[in-house]
Amino acid sequence: MKRSSSNNNNSCTRSHSLYLAIGILWSVCCTLATSAAVNENQSTQRYLHNVAVGSGSNSERLQQMLKGVGAAEINWPQRAKPQVTDVKTELAKLNTTYVYQNSWPANNVKLGAVTAVSFDKAGNVVIFHRVDRIWDQTTFNTANVYQERNRGPIKENTVLGLEPDSGQVLYEWGKNFFYLPHGLSTDPEDNVWVTDVAMHQVFKFSPRGEGGKPLLTLGTAFHSGNGPNKFCKPTAVAVLNNGDFFVADGYCNARIIKYTKEGEQILVWGQNSFSGYSYDVAPANFFAIPHALTLVPELELLCAADRENGRVQCFYSNSGTFHSQYHSPLIGDRLFSMAYTPAAGGQLVIVNGPTAELGVSSPQDHNEVHGFVMSMRTKQLVSKFGPNNLQFENPHDVAVTEDGNTIYVAELSPKRIHKFVHKSLAKPMSLSATKQISKSDMSVTASDVDATRTRHHPSGKAIMVASMMLLFAGSTFVLALIMARRRKRGNQVISSMPPSDLVYRELAASNQSCLPFGTHNRRHAWEKTEGFKLGGLLDRNGFEKLDQNASDEEHDPETTTLSQFA
């Protein structure tokens, strides 16, 4: 009997050890799942982290990324208390005035990451894309030197001219020249101006790239700097009617430079500073990546997207003097591009970007990635738009027709160029098209799936969490079977002993103490001596009464999501 008691105690010890092992395994699985979510959602493949100055190693890394003229020391104002108490609610109130054109462009248009969009003189849509190139953390070193020069220039055409109605490719050019495309714009003479962040250069080409060689080149190839003849990852160009032009320079130098038509420098302004947050009113002329430019001819203004400060700054184009700034809490702390239309008294069409903040600490920090229309007169948002009224993932640039009726958005990932038409002009959709959209949030056709990396694949986080849940469920089931077999053997030994035996009572108590979820010995199908049978799940009176209190304590823990260089 002592041997039986010893075996039973050993079995109990092994069971407790098994519970502990399962608990440890589950903790490790949860940690791995959370880590996978962080790695997936906080990808720095194309975006800088939105970290505050003074936050240790992150701040130092940011300063390395923005290395150029150096970050200016300024005293940012105390962040004002937001007037909007619930950003999510206020976003839901915004009207949607533009209708997404699902079938544009044509399915045979194959694209890489689309970085810029503009119009030629004929009204065709001109886009700049990277084909097979991706900007990630290894693309540049800390001295801003491009690390993939050995790959040579992109071998396919990087500039496409699309017919505005059908989206068919009318012309294309730009192969065997560019390394990492960024900005593109056209001037009144239909010349095309582009920037390449890998080459640290700005180029002017003939209309439709005729001749294949630039008419004007600024900057030194693959050598960054902040002098009069060098740039550091320039982002955009805007050209006045008289031929003078502006360059946004850029990721490192955080300045705007004005040139004559011949390429002689006239003005330069701007300092590099990163606040970590956007402000309704903030110091002028300070940039955290001037990322895009647009002109407001009626007011003789040049406006710049101050990307990491979440605002648009506008300056007088003749002097570079600050005029005004535009910001909304609904846009958030990151603003990637804007375009101007004189429609409705003057409007800015804006695209923001995903925040890199960890989690959502308050309603004011809620972030949604949309296109927005802002009135320049009132500085208020009047509407929003997105693919099928949903959000974008990584919008990079935007263009709008002069009448304000059509908007195009360039997106890095998924690799798309989007078209939106004002609802007053949009054609009603057929019933079949409506059903197709209701079945799929993005309405991507079968051929589009291969061409555009649709956004609705299961995420790595979801797959990891599902795998961990299955592993835990399987482990629990195995544990239950082991416990049933152990209790079955224990009960057989006990049942063969006289009830009056003292050892019988000790074994019974010992067997009861090994129960994993309390001391109440509830009957289950696998406790019956004949083994597990499906019929054993029913007693003579039918189903056993369910213990509702047992399920009230089992809730899946909520997980916080994260919000994401280009």
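For clarity, every value in this text was computed on a predicted model and none was experimentally measured.

## Considering the sheet that holds strand β7 (residues 181-186)
Alright, step 1. Read from one edge of the open sheet, 4 strands run β7-β8-β9-β10, paired in antiparallel fashion. Each end of this open sheet is capped by a strand with a single partner; those strands are β7 and β10 (216-218). Direction aside, the axes of adjacent strands within the sheet are offset by 15 degrees on average.
Alright, step 2. With 4 bridges connecting them, β7 and strand β8 (residues 192-196) associate as antiparallel partners. Paired with P181 across the strands is D196, a residue of β8.

## Things to note about the environment of S278
Alright, step 1. Take S278: it is sitting in the loop between β15 (271-272) and β16 (286-287).
Alright, step 2. Considered as a pair, S278 and G310 are 32 residues apart in the sequence and their alpha carbons are 5.1 Å apart.

## Some details on the UniProt feature "binding site: Zn(2+)" (unreviewed entry) in the protein
Alright, step 1. In this structure's numbering, the residues bearing the UniProt feature "binding site: Zn(2+)" (unreviewed entry) are H182, H291 and H396. Judged by maximum C-alpha separation, these annotated positions cover 215 residues in sequence but sit close together in space, the widest gap being only 9.6 Å.
Alright, step 2. Looking at where H182 falls in the secondary structure, it is placed in strand β7.
Alright, step 3. Separated by 3.0 Å, the side chain of H182 and the backbone oxygen of T235 make a polar contact.
Alright, step 4. Within the secondary structure, H291 is located in strand β17 (residues 290-296).
Alright, step 5. Residue class for H291 comes out buried when judged on its relative accessible area of 2%.
Alright, step 6. Apart from residues no more than four positions distant in its own chain, H291 is found in contact with H182, T235, A236, Y251, A305, R307, F336, H396 and A566.

## Some thoughts on unusual backbone geometry
Alright, step 1. Following W104, the chain continues into P105 via a peptide bond in cis, with omega recorded as -5 degrees.
Alright, step 2. Summarising the element assignment, P105 is placed in the loop between β2 (98-100) and β3 (114-119).
Alright, step 3. With an omega of 0 degrees, the peptide bond between S413 and P414 qualifies as cis.
Alright, step 4. Summarising the element assignment, P414 is placed in the loop between β26 (406-411) and β27 (416-422).

## Description of the pattern of salt bridges
Alright, step 1. By the definition in use, this model includes 9 salt bridges.
Alright, step 2. Across the salt bridge formed by R151 and E148, the nearest N and O atoms sit 3.2 Å from each other.
Alright, step 3. Its relative accessible area of 15% is what places E148 among the buried residues.
Alright, step 4. Between D249 and R255 there is a salt bridge, with the nearest N and O atoms lying 2.9 Å from each other. The exposure classification of D249 matches that of R255, with both residues buried.
Alright, step 5. When salt bridges that share partners are traced, they join D132, R133, E148 and R151 into one network.

## Quick notes on the packing of aromatic side chains
Alright, step 1. A full pass over the atoms with the stated rule returns 28 aromatic pairs.
Alright, step 2. Judged by centre distance (5.9 Å) and plane angle (75 degrees), the rings of F392 and F420 are edge-to-face. Highlighted residues: F392 in the loop between β24 (381-385) and β25 (395-400) and F420 in strand β27, separated in sequence by 28 residues. An identical accessibility class is assigned to F392 and F420; each is buried.
Alright, step 3. Each member of the aromatic cluster is reached from another via a ring pair, and the members are F128, W173, F177, F178, F203 and F205.
Alright, step 4. Positioned above the aromatic ring of F140, the side-chain terminus of K233 is 4.2 Å from the ring centre.

## Examining the sheet that holds β3
Alright, step 1. Strand order across the open sheet formed by 4 strands is β3-β4-β5-β6, with antiparallel pairing between neighbours. With partners counted over all chains shown, the strands left at the sheet margins are β3 and β6 (169-173), one partner each. When the angles between neighbouring strand axes are averaged without regard to direction, this sheet yields 20 degrees.
Alright, step 2. Bridge count between strand β4 (residues 125-129) and strand β5 (residues 159-162): 4 bridges; the pairing is antiparallel.

## Considerations on the pairing of strand β22 (residues 347-352)
Alright, step 1. In terms of residue burial, β22 counts as a mostly covered element, since 6 of its 6 residues are buried.
Alright, step 2. Of the pairings in the sheet, the one linking strand β21 (residues 335-341) to β22 comprises 6 bridges and is antiparallel in character. In the sheet register, A339 faces β22, and the bridge partner there is V349.
Alright, step 3. Turn length for the β21-β22 hairpin, with the two strands adjacent in sequence and antiparallel, is 5 residues, and the turn residue A344 shows positive phi of about 55 degrees.

## Considerations on the pairing of β7
Alright, step 1. Extensive coverage of β7 is indicated by the burial of 6 of its 6 residues.
Alright, step 2. Hairpin remark: β7 followed by β8, antiparallel, with 5 residues in the connecting loop; positive phi at D190, about 75 degrees.

## Thoughts on the state of the cysteines
Alright, step 1. Under the counting rule described, the total for this entry stands at 2 disulfides.
Alright, step 2. Sulfur-sulfur distance for the disulfide between C232 and C252 comes to 2.1 Å. Here C232 and C252 share a disulfide; its torsion about the S-S bond, -55 degrees, makes the bridge left-handed. Remark: C252 occurs in the loop between β12 (245-249) and β13 (255-259) and C232 occurs in the loop between β10 and β11 (236-239); sequence separation between them is 20 residues.

## Describing the nonpolar core
Alright, step 1. Counting 28 residues, the largest nonpolar core has F128, F140, L184, V194 and Y251 as its most contacted members.
Alright, step 2. Only β4, β6, β8 and β9 (201-205) provide two or more residues apiece to this core.
Alright, step 3. If near-sequence neighbours (up to four positions away) are discounted, F140 is found in contact with W135, V145, Y146, Q147, L180, V197, A198, H200 and K233.
Alright, step 4. Grouped together as the second largest cluster of nonpolar side chains are 22 residues, L301, C314, I331 and M374 included.

## With respect to the environment of D86
Alright, step 1. The residue D86 is located in the loop between α2 (57-65) and α3 (87-93) in this model.
Alright, step 2. Sequence separation between D86 and P329 is 243 residues, and the spatial gap between their C-alpha atoms is 9.9 Å.
Alright, step 3. Within the local environment of D86, its side chain forms a polar contact with the backbone nitrogen of K88, the two atoms lying 3.2 Å apart.

## Here's the deal with the confidence of the model for the protein
Alright, step 1. The predicted model of the protein has a mean per-residue pLDDT of 76, with 63% of residues at 70 or higher.
Alright, step 2. Below a pLDDT of 50 lies the segment residues 1-5, which in the model reaches 4 contacts outside its immediate sequence neighbourhood of four places, other chains included.
Alright, step 3. Throughout residues 430-459 the model reports pLDDT below 50, and contacts reaching past four residues in sequence, or to other chains, amount to 39 contacts.

What counts as what
Residues numbered from 1 in each chain as written. Predicted model: local features only at pLDDT ≥ 70, side-chain atom pairs only at ≥ 80, totals over all residues. Heavy atoms only, no water. Pairing = 2+ DSSP bridges. Helix = DSSP H or I, 4+ residues; strand = E, 2+ residues; numbered from the N terminus. Axes fitted to C-alpha atoms, helices over the stretch in contact; angles between N-to-C directions. UniProt positions renumbered as here; feature names shortened; annotations may be inferred. Polar contact = N/O pair within 3.5 Å; in protein donor to acceptor, adjacent residues only side chain to side chain. Buried < 20%, exposed > 50% of the residue type's maximum accessible area, 1.4 Å probe, protein only. Contact = heavy atoms within 4.5 Å. Salt bridge = Lys/Arg side-chain N within 4 Å of Asp/Glu carboxyl O. Phe/Tyr/Trp six-rings, centres within 6.5 Å; stacked < 30°, edge-to-face > 60°. Lys NZ or Arg CZ within 6 Å of the ring centre and 35° of its normal. Disulfide = S-S within 2.5 Å. Core = buried A, V, L, I, M, F, W, Y, C linked by side-chain atoms within 4.5 Å. pLDDT = per-residue confidence, 0-100.

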